[in-house]
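Architecture at a glance
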Amino acid sequence: MIDVTRAEVSIDGVGLLAPTSMSVGRGEIVALRGPNGAGKTTALRLIVGQTTPSAGTVTVSGRAPRPRDHDFRAQVAAMIGLPPFARDLTLLEQATLIGITWGLPTDAARSDAGEVLDELGMSRLVDRFPHELSSGQTQLAGLALTLVRPADIVVLDEPEQRLDDERLGRVISVLRQRADAGGTVVFATHSDRLVADLGARTVLLQEAA
Ligand SMILES: Nc1ncnc2c1ncn2[C@@H]1O[C@H](COP(=O)(O)OP(=O)(O)OP(=O)(O)O)[C@@H](O)[C@H]1O
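The structure contained in this document is the topic of the report that follows. (Residues numbered from 1 in each chain as written. Predicted model: local features only at pLDDT ≥ 70, side-chain atom pairs only at ≥ 80, totals over all residues. Heavy atoms only, no water.)

What follows is about the site of the ligand. The environment of the ligand is formed by I11, L16, P35, N36, G37, A38, G39, K40, T41, T42, E158 and H190. Taking A38, its main chain carries an N or O atom lying 3.2 Å from an oxygen atom of the ligand. Across the complex, the protein chains shield 57% of the 640 Å² of accessible surface that the ligand would expose by itself. Broken down by element, the residue count for the shell around the ligand peaks at three residues, all from helix 1 (residues 40-48). Class assignment of the residues belonging to the shell around the ligand gives a composition of four nonpolar, six polar and two charged. (Near = heavy atom within 4 Å. Polar contact = N/O pair within 3.5 Å; in protein donor to acceptor, adjacent residues only side chain to side chain. Areas by Shrake-Rupley, 256 points an atom, 1.4 Å probe, with all protein chains shown as cover. Helix = DSSP H or I, 4+ residues; strand = E, 2+ residues; numbered from the N terminus. Nonpolar A, V, L, I, M, F, W, Y, C, P; charged D, E, K, R; others polar.)

Structure representation (structure tokens):
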């Protein structure tokens, strides 16, 4: 499903990602690990097509990532950094809107939005505006907006950021369900617990020279 073959990234001779290969199948959970600066975020950007390899190849379902292509975007939901929030919409409204933009009728979109927010422990916060959230709650809101839409592949950069143990447990449970339903999950992380509890296969990245 995701094939990365000796992909590397450099800008003006500076290495961001050393030659990296990995293959991720449908329903797999894969964790990218390695020290700060090893290129985990860069590798995720390659998979979602936000950056292109300087050498090597990256394919998703047999084709190079095409982030401007609707079919590709329908396949991949990603959170690499916090997503933009709509300042004047509540969490429930934003999550509902995303479902509608992906083709769900309004009632179904609202119900799915409520469900994802509930699973992430945010049912008390559905009527809050983005500026009314703590940093951990903002992280969960970003995850909710990413996970509320249908997608075969979920790509997350350090989903554990800013979360306490209880909230991290909720994220683990939502990602577990996603994989159990056949979804593919690829994430970069510094959290041993996230990797262990999800039973994720680890791909270890080394810093580029
Ligand atoms: N726009 C850029 N121009 C030059 N170098 C960059 C750029 N963006 C990132 N880098 C460098 O590329 C390398 C890989 O960065 P990346 O963010 O992918 O690492 P990471 O493994 O995700 O790190 P962390 O664990 O700190 O999040 C780092 O050395 C970083 O300094």
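From this point, things continue past the structure.
In this structure, L120, M122, L143 and F187 are the most contacted members of the largest nonpolar core, which totals 35 residues. Listed by contribution, the elements that provide at least two residues to this core are strand 3 (29-33), helix 3 (91-101), helix 4 (106-119), helix 5 (135-147), strand 6 (153-157), helix 6 (165-180), strand 7 (184-188) and helix 7 (192-198). Beyond its immediate stretch of four places on either side in the chain, L120 contacts L140, L143, A144, R170, V171 and V174. If you look at the next biggest cluster of nonpolar residues, it comprises 27 residues, including I2, M22, A43 and I47. (Core = buried A, V, L, I, M, F, W, Y, C linked by side-chain atoms within 4.5 Å. Buried < 20%, exposed > 50% of the residue type's maximum accessible area, 1.4 Å probe, protein only. Contact = heavy atoms within 4.5 Å.)

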